Amino acid sequence: MFLIQILLPSYDNDRRLFSKSDYDVIGAELTERFGGLTAYTRSPAEGHWKKRGEITSRDEIVVMEVMVEDLDEAWWRAYRERLESDFRQHQVVIRAQPIVLI
């Protein structure tokens, strides 16, 4: 089993806030496909990153999680590309971690 985490920005690159409905669409899609979803939307997490020689960038993010039995990497790559387009991002992080349910 895998835990899939999707890190979505709260703002686009022009600092325009995404609406709740933008995340609702993603939540509904993932719930329909995978049967459940956990979304951390009330207190956005902060992401910090720094490229060599540049100032540190900061972003507020929303984290969405689903659990899947099998990891369909091709499907997730295509979904990531769609999210990058929808959220006007150079890169959206989707990460998969093997998990054991106890």
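We now turn to the structure provided with this report. Residue positions within a chain follow its written sequence, with the count starting from 1. Two thresholds apply to this predicted model, a pLDDT of at least 70 for residue-level local features and 80 or more for giving and counting side-chain atom pairs, whereas whole-chain, interface and lining totals are computed over all residues. Heavy atoms throughout the structure, all of them, feed into the side-chain values; hydrogens and water do not.

## A few points about the pairing of strand β1 (residues 2-9)
Within a regular strand, side chains alternate between the sheet's two faces.
Next up, step 1: Three exposure classes are used, based on accessible area relative to the maximum for each residue type with a 1.4 Å probe and protein chains only: buried under 20%, partly exposed in between, and exposed over 50%. We count a stretch as a helix when DSSP gives it H or I for four or more residues in a row; a strand needs E for two or more, and each element gets its number in order from the N terminus. Across the eight residues that make up β1, a large majority, seven, are buried.
Next up, step 2: Of the strand pairs in this sheet, β1 and strand β4 (residues 93-98) are connected by six bridges, and their pairing is antiparallel. Across the sheet, the residue bridging to I6 is I94, located in β4. When DSSP locates at least two bridges between a pair of strands, those strands are taken to pair.

## Comments concerning the pattern of salt bridges
When their charged atoms lie close together, side chains carrying opposite charge are able to pair.
Next up, step 1: Salt bridges are identified by distance alone: a Lys or Arg side-chain nitrogen within 4 Å of an Asp or Glu carboxyl oxygen. Under the criterion given, the structure shown has eight salt bridges.
Next up, step 2: Notably, a salt bridge pairs E84 with R80, separated by 3.0 Å at the nearest N-O pair. A residue pair is termed a helical-turn pair when its members lie 3 or 4 positions apart in one helix, as E84 and R80 do in helix α2 (residues 73-86) at four residues.
Next up, step 3: D86 is the salt-bridge partner of R82, the closest N and O atoms lying 2.9 Å from each other. With R82 and D86 both in helix α2, this residue pair falls four residues apart, about one helical turn.
Next up, step 4: For R82, a relative accessible area of 31% gives the class partly exposed.
Next up, step 5: Each member of the salt-bridge network shares a partner with another, and the members are D12, D14, R16 and R88.

## Let's talk about the packing of aromatic side chains
Next up, step 1: Aromatic contacts are taken between Phe, Tyr and Trp rings whose centres are within 6.5 Å, Trp giving its six-membered ring; a plane angle under 30 degrees counts as stacked, one over 60 as edge-to-face, and the others as tilted. With the rule as written, the count across this model stands at seven aromatic pairs.
Next up, step 2: Residues Y23 and F87 carry aromatic rings whose centres are separated by 5.7 Å and whose planes lie at 40 degrees to one another, so their mutual orientation is tilted. Placement of Y23 in helix α1 (residues 20-34) and of F87 in the loop between α2 and β4 is noted, with a sequence separation of 64 residues between them.
Next up, step 3: The exposure class assigned to F87 is buried, which follows from its relative accessible area of 3%.
Next up, step 4: Seen in terms of ring centroids, F34 and W76 are 5.3 Å apart; in terms of plane orientation they differ by 10 degrees. Their pairing is stacked. Here W76 lies in helix α2 and F34 lies in helix α1, a separation of 42 residues in the sequence.
Next up, step 5: Look at F34 and you get partly exposed, because its relative accessible area is 25%.
Next up, step 6: Looking at W76, the relative accessible area reads 6%, which means it is buried.
Next up, step 7: Cluster of aromatic residues (ring-pair linked, three or more members): F34, W75, W76 and Y79.

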